[in-house]
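Coordinate inspection notes
Now for the letters of each chain:
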Amino acid sequence: MADIAFLLLIFFLVTTTISADKGILRQLPSICDTEDCIANITERNLLRISMNAKQQIMIEDDIVKLSDVKTLVEAFIDNNGNNICAYCEGTQSSESSDHPKKAVISLSHDALTKYDLFISVQDEITQAYYNLRMRHA
C-alpha cells in the first residue's frame, strides 16, 4: 500500500503544473549611457503626475480626479505643439508636448500612497495611449 501511495504521489507531483504569479507586465526603458538618453527634456514635453499620502492625484501641481487623468494625458500627448504631426488632432497649446514621440510622463508617488491608486493611475495612462493608438489606426 505504501508503495502505491508513493507512486501516486510522485505521479501527481510530476504531472501537476503550478501556476506562478505574473505580476504587472510593464516594459521599463533599458539602461542607456549615451548623450541622447541623458539629454535634458524640454519642460513642455514633460507631464508630471504625482500622488501624495492623502491619496490625491496631482498633475502639474493641480489636484485632479482619477477620471480626469485619461483625458488630460491624451490632450498632453496629442497636442502637436510644433505642428509637424500629421496624425495629431491636438489644440497646439504652448504648454503641452511638441510631438507624441517627445512626450514624457513622469509618475511619482509618496511612500504612503495606496497600491490600488497607483495601479489605477497607471491604467488610466495606459488607456490614454491605447485610445490614441486606436484612433490613429
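This text gives an overview of the structure that appears in the document. (Residues numbered from 1 in each chain as written. Predicted model: local features only at pLDDT ≥ 70, side-chain atom pairs only at ≥ 80, totals over all residues. Heavy atoms only, no water.)

This next bit is on helix α3 (residues 66-77). For α3, spanning 12 residues, the distance from its first C-alpha to its last is 18 Å, which sits close to the expected 16 Å at 1.5 Å a residue. Taken as a whole, α3 has its buried residues at Val 69, Val 73, Glu 74, Phe 76 and Ile 77. On an axial view of α3, the arc spanned by its buried residues comes to 165°, and they lie on one face. Residues of α3 that are buried make contact with β1 (46-51), β2 (57-59), β3 (62-64), β4 (104-109) and α4 (115-136). (Helix = DSSP H or I, 4+ residues; strand = E, 2+ residues; numbered from the N terminus. Expected span 1.5 Å × (residues − 1). Buried < 20%, exposed > 50% of the residue type's maximum accessible area, 1.4 Å probe, protein only. Arc of directions from axis to C-beta. Contact = heavy atoms within 4.5 Å.)

Let us look at the sheet that holds β3. Across the sheet, 4 strands lie side by side as β3-β2-β1-β4; this open sheet has mixed pairing. This sheet does not close on itself; its edge strands, each paired only once, are β3 and β4. Sheet twist, expressed as the average angle between the axes of neighbouring strands with direction ignored, equals 30°. Both β1 and β2 contribute to a ladder of 3 bridges, which runs antiparallel. When the bridges of β2 are listed, Met 51 appears paired with Ile 57. (Pairing = 2+ DSSP bridges. Axes fitted to C-alpha atoms, helices over the stretch in contact; angles between N-to-C directions.)

Below, the discussion takes up the packing of α3 against α4. Running from amino to carboxyl end, α3 crosses α4 at an angle of 40°, the nearest separation of the two axes being 8 Å. Taken together, the axis directions place α3 and α4 in an arrangement best described as oblique. As for the relative orientation of α3 and α4, their crossing is right-handed in sense. Contacts between α3 and α4 involve Leu 66, Val 69, Lys 70, Val 73, Glu 74 and Ile 77 from the former and Ser 120, Val 121, Glu 124, Ile 125, Gln 127, Ala 128, Tyr 129, Asn 131 and Leu 132 from the latter. (Parallel < 35°, antiparallel > 145°, perpendicular 65-115°, else oblique. Left-handed = near helix turned anticlockwise from the far one by under 90°.)

Successive side chains on a regular strand alternate, one facing one side of the sheet and the next facing the other. With respect to burial, β1 is a largely interior element, 5 of its 6 residues being buried. When β1 meets β4, the two strands line up parallel, connected through 6 bridges. Its bridge partner being in β4, Leu 46 is matched across the sheet by Val 104. With antiparallel pairing between neighbouring strands as the criterion, β1 and β2 make up a hairpin whose turn holds 5 residues, including Gln 55 at a positive phi of roughly 65°.

Here we take up the side chain of Ser 96. Looking at the element boundaries, Ser 96 is found in the loop between α3 and β4. Beyond its immediate chain neighbours, meaning those up to four positions away, Ser 96 contacts Arg 44, Ala 75, Phe 76 and Asn 79.

Along the polypeptide, Asp 61 turns up in the loop between β2 and β3. Using a relative accessible area of 69% as the deciding quantity, one classes Asp 61 as exposed. Separated by 13 residues in sequence, Asp 61 and Glu 74 place their C-alpha atoms 18 Å apart.

Note that Ile 18 resides in the loop between α1 (2-15) and α2 (35-38). What makes Ile 18 exposed here is its relative accessible area of 78%. Separated by 36 residues in the primary sequence, Ile 18 and Lys 54 have C-alpha atoms spaced 39 Å apart.

Read these as geometric descriptors, not functional statements.
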